[in-house]
Amino acid sequence: MRTYVLNLIVHRLLIAGLTLLIVSFAVFFATAMLPGDTATILLGQAATPDAVAGLRAAMHLDEPAVFRFFRWLTGLIQGDLGTSYVNNVAVADLIGGRFVNTMRLAGITTLVSVPIALTLGITAAMFRGSLYDRIVTVLTIGVISVPEFMIATSAVLIFSVYLKWLPALSFANEVTSFWQVLKIYAMPVITLAFVVSAQMIRMTRAAVIDTINTPYVEAALLKGASRPRAVLYHALPNAVGPIANAIALSLSYLVGGVIIVETIFNYPGVAKLMVDGVSTRDLPLIQSCAIIFCIGYLALITLADIVAILANPRLR
Amino acid sequence: MTLSTPLSSKFSYSFSWVGMIGLAIIVFWAVIALAAPHIIPYPIGEIVDEDYFGPMSSKLLFGSDYLGRDMLSRLMMGARYTVGISLAAVCIACFSGTALGMAAAVIGGWFDTVLSRFLDALNSIPSKLSGLVVAAAIGSSINVLIVMLAVIYTPGAYRFARALAVNVNTMDYITVARTRGESILYIIFSEILPNIMGPLLADFGIRFVFITLLLSGLSFLGLGVQPPYADWGALVHENISGLPFGAPAVIVPSLAIASLTISVNLLIDNLPKKIRDRSA
Amino acid sequence: MNSKITNWTASDDAMVENAIRRGATRRELLSMMLAGGVAMSAGGLILGRASDAIAATPKSGGNLKAAGWSSSTADTLDPAKASLSTDYVRCCALYNRLTFLDQAGVVQMELAEKVESADAKTWTVKLRSGVTFHDGKSLTSADVVFSLKRHLDPAVGSKVNAIAKQITDVKSIDPTTVEISLANPNADLPTILSQHHFMIVQDGTTDFSKGIGTGAFKLETFEPGVKSIFAKNPNYFKSGGAHVDSFEFFAISDDNARVNALVSGDIHLAASIKPRSMRLVESQPGFVLSKTTSGNYTDLNIRLDMTPGDKADFIKGMKYVTNREQIQKSVLRGLAEVANDQPISPASVYHNAELKPKAYDPDKAKFHFEKAGVLGQKIPLITSDAATSAVEMATIVQQSAAEIGMNLDVQRVPNDGYWSNYWLKAPIHFGNINPRPTPDILFSLLYASNAPWNESQYKSEKFDSMLVEARGLLDEAKRKEIYGQMQVMIAEEAGTIIPVYISNVDAITEKLKGLQANPLGGMMGYAFAEYVWLDA
């Protein structure tokens, strides 16, 4: 079994390299297709033909984009993420601190949301059709039906503006104590937990219910096992694959999709960096961010696949 | 609903009761969407209130928005976009995602690997970037918007369907069917699909919510719904400044979104047993 | 409501109720009833900051925190490249200009002691002595020569390259004297030098990330797209220097989040808030709005060289169908002044008050549209959130046009790349022009036949010759007369519809004192950090 999983990881790693390359090419072509380049965007309203030509030459943007892309790729192989076009700072420096921020926020949100989501999902499945199940369903859907910016704005209004318990901005203050960390992360984490939990709760519930109906769980029930016991020991292991995938898909949102939370709470993360990169056509920055998002996503889904295989002996 | 046994009749009655409410709300919004152009009290671009974020009144049932336009009219017209576009996009995304996912699970091998990695790659391209590219290259129209939404949500549907189908694919009865020499299409649609229908429908419901919300995000990239029209998500967004005062302009469209998405999910949860569970 | 007031409706009732809930005073309610428009109440709540500021005595100390509205990895400390308000604020904290404009729009000297010319063509700038940069070096004429000449080099990417082109040479006469030669006489040079881009940097600077200037603050931290922190410069040449000990500046792009951060006490100033956010600020005690009307505008541009703008009647029709009052009242909630299709605002002494805005007149509009033969056609109108309030303006024009059978197809395009892809290019589109200190700059940039941003492709030889004539004139009365005529020409002949001049509104805590309006823009012409103080 261990060798099987090892093989899978090696196989996935090889293919991941290929996937990254494809993503990188796709991002390059997409960026190239966008109208305007860094020089015209930076000059904005002042983009007269002379000024654009001059700035382009000064920024070394006058050589074909393909050359620049391949130079970036060869640099990447040597571990160099390149230099940002717009401010001449190494992309690694731009990303560094923000990447840590993003991972921290994603990590805390995961620790909060996954246990809650699994508990709610599994218990809802155990008591399917009950009032409890209904309430969980309505609340879950109700919560994600509210747009993210509205959850965040409401939280700020309640906890910062009216109650004055928490700071409205996550990075306006220096962090010195654990209590402050808690205060700073409370609202972004709650907002994100709301957003990512729903899919996990719903999919967990559905996957567990689906396996409850399989013959062997029914057999366990007939043999006199209690419903919770049947669910936990017989149905759940079989539902782990789909649940792990749902969790992976939900969590992948936390790597690159948290732009709204970053904006409203003024939290410097990589999602905003990507948006900046796209709006200034800063190819090395866009590429580097895209690679980070892609690696994050591939890691999560590979983990989900491994968990699925470990949980279902037949898949080996 | 025939009375077979007291227990099951009690259950199926209560299931359909909640399901019926869900269905009724969906039908209600669908009717509003279809009839909207004929029943809105004011043109949706007309400023009918000197004030902004006006309260509910007999003249303006749902108050006025940030420009002083009639919220009721805007909400009704918004139903056309939110209900129509979201439903179309979610159907395309779930159908293609599920079909491909089951095929990948059953066929396996290189087909599975190539398709899986391709969709992984697709999912890794930031949607803002692809949205901008599509807006710049193809231009804006409702059809483009629907396809775009469907493309963004297909990889997720695929991954979930594949994970479910892979599990089922290892069951004995599939092996039996294979040795019987059944075609791949038969195995997919007769053996696998009925057995994973429940979770797939749940996935459909959740994806519908996501699409409803992303819709307005893409409109801001210049894809799709154009002013003065706005989908419900966009209505919430443009009136969010009214939130501190509980303005109906921001509360009403939020409730509309919630009512629709909750109804869709309740309906799915309470579909007659025959459809949503294994046909055992 | 059975009162004797005739024009009083239920919606007016609701309006007053709203106002009371928002904490309006009796006097305000009264003026509101008299005016019969809620827009007036918005105006009434704007406090006259100037009188406050003069009465109070500045206090020293404290950490000032303020938030602008946009920031990205493209943030720069190079004044020549500065493009966003956040760049201006940072540069104002770090650097100085030769001259600056005071509250009344009058030129004052900053790093210069005198800027003089006999013929308006060759100018002598005498520098203040004893000014030092943050690194201890003294300011000399070489720094000024370097700072001004940079704008002529296309590789620098200067935003004012088009204006700087009239400078033919900058020479150092002695360590404190600089001579500037112009291609043609221009009496406005001292005003031109007050623009933010013409800030003085150190000779030979290539790396601007250190922010070495002569300004009231020294740079402590600069993270593009995140934040900047500045500390008070103890060796500032102006007596006393800044009042606050440190200054932190960043951007919160979401309008509501910015206002929320202010009212929850995280920041002292939230720059440029949307009219629809005013109500929250007004409802909270301890916060005030600071309004600046300085000639910023969003205009609807119809290119005269493309269909349908090549038909004069189409443009006339569009001017009559634009409901300026409604844009002023509903879109901007009164935080604007109705304009008359030309760029010189009432804030300028050269504004031609006799030129009245065209009144909204659907019948006349319909007549002209019929004459142009465009009724029934679907005409695309490009708009974008990139230009302030342009989407709302577009929907208002669209609605008015629809009522007379004119079908305008509003197309909202992304902010992303708007200025390089649609602005100046689409047959009918929106633009947004920031205030400029002189009519000459506005006309040269926007309406001369060879203007780089000729939004409607307006070409008139008569206009061009008047522009050159006025530029060299030192006779103010004559100059004003010529500029007055040019405003009429633009309003009548060009394809740019300027419905209103938009006010900039900064929301601040009452603890922040000393903030005054400035014609160069919001936040005291972006230079507020040096002048304000915090009242504990």
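Residues numbered from 1 in each chain as written. Chains lettered and ligands numbered in written order. Predicted model: local features only at pLDDT ≥ 70, side-chain atom pairs only at ≥ 80, totals over all residues. Heavy atoms only, no water.

1. Some details on the overall build of chain C
On a plain count of helices and strands, chain C comes out with 20 helices and 20 strands. A buried classification covers 61% of the 536 residues belonging to chain C. For chain C, the proportion of contacts with a sequence separation of at least 24, taken over those separated by at least 6, is 69%. Approximately 19700 Å² of chain C is accessible, and the part contributed by carbon and sulfur atoms is 51%. (Helix = DSSP H or I, 4+ residues; strand = E, 2+ residues; numbered from the N terminus. Buried < 20%, exposed > 50% of the residue type's maximum accessible area, 1.4 Å probe, protein only. Contact = heavy atoms within 4.5 Å. Areas by Shrake-Rupley, 256 points an atom, 1.4 Å probe, with all protein chains shown as cover.)

2. Some remarks on the nonpolar core
One finds C:Ile180, C:Phe247, C:Phe314 and C:Phe528 to be the most contacted residues of the largest nonpolar core, which totals 343 residues. Those residues in contact with C:Phe247 that sit more than four places away from it in its chain are C:Leu64, C:Ala66, C:Val89, C:Ala93, C:Phe217, C:Ser228, C:Ile229, C:Phe230, C:Phe528 and C:Ala529. (Core = buried A, V, L, I, M, F, W, Y, C linked by side-chain atoms within 4.5 Å.)

3. Structural notes on the pairing of strand S15 (residues 407-412) of chain C
Residue and element names in this part refer to chain C. Residues Leu408, Val410 and Arg412 line the buried face of S15, whereas the alternating positions Asn407, Asp409 and Gln411 sit on a face that is not buried. Both strand S14 (residues 378-383) and S15 contribute to a ladder of six bridges, which runs parallel. Pairing of Ile379 across the sheet is with Leu408, part of S15. In this view, the connection linking S14 to its parallel neighbour S15 by way of helix H14 (residues 390-403) has right-handed handedness. (Pairing = 2+ DSSP bridges. Right-handed = clockwise from strand over helix to strand, strands pointing away.)

4. Quick notes on the sheet that holds strand S6 (residues 167-174) of chain C
All names here are of chain C. Taking strand neighbours across the sheet as the criterion, the four strands line up as S4-S5-S7-S6 in an open arrangement whose pairing is antiparallel. Each end of this open sheet is capped by a strand with a single partner; those strands are strand S4 (112-117) and S6. Direction aside, the axes of adjacent strands within the sheet are offset by 20 degrees on average. Here S6 pairs with strand S7 (residues 177-182) via six bridges, running antiparallel. Across the sheet, Val170 pairs through a bridge with Ile180, a residue of S7. (Axes fitted to C-alpha atoms, helices over the stretch in contact; angles between N-to-C directions.)

5. Examining the interface of chain B and chain A
Each partner contributes residues to the interface: chain B has 57 residues there, and chain A has 59 residues. Summing both partners gives a buried area of about 5100 Å² for chain B against chain A, and 69% of it is carried by carbon and sulfur. At the boundary of chain B with chain A, the tally comes to three salt bridges. Note that B:Arg159 is salt-bridged to A:Asp305, the shortest N-O span being 3.3 Å. For the pair chain B and chain A, the number of links is eight residue pairs in polar contact (both at pLDDT 80 or more). Those elements giving two or more residues to the side of chain B that touches chain A turn out to be helix H1 (6-39), helix H3 (109-124), helix H4 (127-137), helix H5 (142-169), helix H7 (184-220), helix H8 (232-238) and helix H9 (248-269) of chain B. The dominant element in the side of chain B that touches chain A, judged by the number of residues it contributes, is H7(B), at 10 residues. Classifying every residue of the side of chain B that touches chain A gives 31 nonpolar, 14 polar and 12 charged. (Buried area = accessible area lost by both parts, 1.4 Å probe. Salt bridge = Lys/Arg side-chain N within 4 Å of Asp/Glu carboxyl O. Polar contact = N/O pair within 3.5 Å; in protein donor to acceptor, adjacent residues only side chain to side chain. Nonpolar A, V, L, I, M, F, W, Y, C, P; charged D, E, K, R; others polar.)

6. Remarks on the interface of chain B and chain C
In this complex, chain B contributes 27 residues to the contact, which on the side of chain C involves 33 residues. A buried area of about 2700 Å², summed over both sides, lies between chain B and chain C, and 52% of it is on carbon and sulfur atoms. On the chain B side of the interface with chain C, the three residues burying the most area are B:Glu50, B:Tyr52 and B:Pro227, jointly 24% of the side's total. At the junction of chain B with chain C, the criterion picks out one salt bridge. The partner of B:Asp51 in a salt bridge is C:Arg279, and the shortest N-O contact between them spans 2.8 Å. A per-class count over the side of chain B that touches chain C returns 16 nonpolar, five polar and six charged.

7. Focus: helix H17 (residues 461-472) of chain C
Residues and elements named next belong to chain C. Between its terminal C-alpha atoms H17 stretches 18 Å, which fits the 16 Å expected from 12 residues at 1.5 Å a residue. Among all positions of H17, only Phe463, Met466, Leu467, Ala470 and Arg471 are buried. Along the axis of H17, the buried residues cluster in a sector spanning 135 degrees; they form a single face. What points out from H17, more than 90 degrees from its buried face, is the exposed set Glu461 and Lys462. Against helix H16 (439-446) and helix H18 (476-493) lie the buried residues of H17. (Expected span 1.5 Å × (residues − 1). Arc of directions from axis to C-beta.)

8. Concerning the pattern of salt bridges
Side-chain pairs of opposite charge can arise where the charged atoms are in close proximity. Evaluated as defined, the whole model comprises 40 salt bridges over all chains. When the shortest N-O distance is used, the salt bridge between A:Lys272 and A:Asp276 registers 3.0 Å. Of this pair, A:Lys272 and A:Asp276 both sit in helix H12 (residues 270-279), separated by four residues, roughly a single helical turn. You'll find A:Lys272 and A:Asp276 in the same group, each marked buried. Overlapping salt bridges bring together A:Arg12, A:Asp305, B:Arg117, B:Asp120 and B:Arg159 as one network.

9. A word on a nonpolar patch on the surface
The grouping of A:Ile158, A:Tyr162, A:Leu163 and A:Trp165 at the surface amounts to a nonpolar patch, some 430 Å² of accessible area in total. Topologically, A:Tyr162 is positioned in helix H7 (residues 148-162). (Patch = residues over 30% accessible without salt bridge, like charges linked within 9 Å, V, L, I, M, F, W, Y side chains within 5 Å.)

10. Describing the packing of H12(A) against helix H13 (residues 283-311) of chain A
All names here are of chain A. One can describe the packing of H12 onto H13 by two numbers: an axis separation of 8 Å at closest approach and a directional angle of 145 degrees. In the packing of H12 onto H13, the handedness of the crossing is left-handed. Contacts from Val270, Ala271, Leu273, Met274, Gly277 and Val278 in H12 reach Leu285, Ile286, Cys289, Ala290 and Phe293 in H13. Residues that form the contact of H12 with H13 fall into these classes: 10 nonpolar, one polar and no charged. (Left-handed = near helix turned anticlockwise from the far one by under 90°.)

11. Focus: the confidence of the model for chain B
Residue and element names in this part refer to chain B. Per-residue confidence for chain B averages 85 on the pLDDT scale, and 92% of its residues sit at or above 70. Mean pLDDT across the secondary structure elements of chain B bottoms out at helix H10 (residues 273-276), with 60, and peaks at helix H2 (residues 71-107), with 94. Segment residues 1-14 is flagged for pLDDT under 50; beyond a separation of four residues in sequence, or across chains, it makes five contacts in the model. (pLDDT = per-residue confidence, 0-100.)

12. Here we look at the side chain of C:Asp75
Residues and elements named next belong to chain C. By the element assignment, Asp75 lies in the loop between strand S1 (63-68) and helix H5 (85-94). Here Ser71 takes part through its side chain, which lies 2.7 Å from a polar atom of the side chain of Asp75. Ignoring sequence-local partners within four residues, the contact set of Asp75 consists of Leu84, Thr86, Asp87, Arg90, Phe222, Pro224 and Gly225.

13. Quick look at the packing of aromatic side chains
Where two aromatic rings form a pair, the distance of their centres and the angle of their planes describe that pair. Using the criterion set out here, one finds 30 aromatic pairs over all chains in the structure. Between C:Trp419 and C:Trp423 the ring centres are 5.4 Å apart and the planes differ by 85 degrees, which places this aromatic pair in the edge-to-face class. One aromatic cluster in this structure is built from A:Phe25, A:Phe28, A:Phe29, A:Phe69, A:Phe70 and A:Trp72. Taking the ring centre of A:Tyr233 as reference, the NZ or CZ of A:Arg229 above it sits at 4.8 Å. Its end group placed over the ring of B:Tyr52, C:Arg279 keeps NZ or CZ at 4.1 Å from the ring centre. (Phe/Tyr/Trp six-rings, centres within 6.5 Å; stacked < 30°, edge-to-face > 60°. Lys NZ or Arg CZ within 6 Å of the ring centre and 35° of its normal.)

14. A word on the environment of A:Ile306
Residues and elements named next belong to chain A. Tracing the sequence through the fold places Ile306 in helix H13. Accessibility expressed as a relative area gives 12% for Ile306, which makes it buried. Once the C-alpha coordinates of Ile306 and Leu139 are considered, the two residues, 167 residues apart in sequence, prove to be 32 Å apart. When residues no more than four places from it in sequence are discounted, the contact partners of Ile306 are Val5, Leu8 and Ile9.

15. A look at H3(B)
With 16 residues, H3(B) extends 23 Å between its outermost C-alpha atoms, agreeing within 8% with the 22 Å of an ideal straight helix rising 1.5 Å per residue. Every buried residue of H3(B) is accounted for by B:Asp112, B:Thr113, B:Leu115, B:Ser116, B:Arg117, B:Leu119, B:Asp120, B:Ala121 and B:Ser124. Structurally, H3(B) contributes buried residues whose contacts are with helix H1 (2-33) and H13 of chain A together with H2 and H5 of chain B.

16. As for unusual backbone geometry
Between B:Pro227 and the following residue, B:Pro228, the backbone shows a cis peptide bond with an omega angle of 5 degrees. Mapped onto the elements of the fold, B:Pro228 is located in the loop between H7 and H8. With an omega dihedral of 0 degrees, the bond running from C:Thr307 to C:Pro308 counts as a cis peptide bond. Mapped onto the elements of the fold, C:Pro308 is located in the loop between strand S12 (287-302) and helix H11 (312-321). Phi is positive for A:Lys164, close to 55 degrees, though the residue is something other than glycine. Non-glycine residue A:Asn266 carries a positive phi angle of around 50 degrees. Mapped onto the elements of the fold, A:Asn266 is located in the loop between helix H11 (259-264) and H12. Taking relative accessible area as the criterion, A:Asn266 reaches 15% and is therefore assigned buried.

17. Some thoughts on the environment of B:Ser86
Here B:Ser86 shows up in helix H2. On a C-alpha basis, the gap between B:Ser86 and B:Phe210 in space is 9.0 Å, while along the polypeptide they are 124 residues apart.

18. A short note on the packing of H1(A) against H13(A)
All names here are of chain A. Orientation of H1 relative to H13, taken along the N-to-C sense of each, is 150 degrees, at an axis distance of 9 Å. One way to sum up the angle between H1 and H13 is to call them roughly antiparallel. Remark: the crossing between H1 and H13 carries right-handed chirality. A breakdown of the residues in the contact of H1 with H13 according to their chemical character gives 20 nonpolar, five polar and two charged. (Parallel < 35°, antiparallel > 145°, perpendicular 65-115°, else oblique.)

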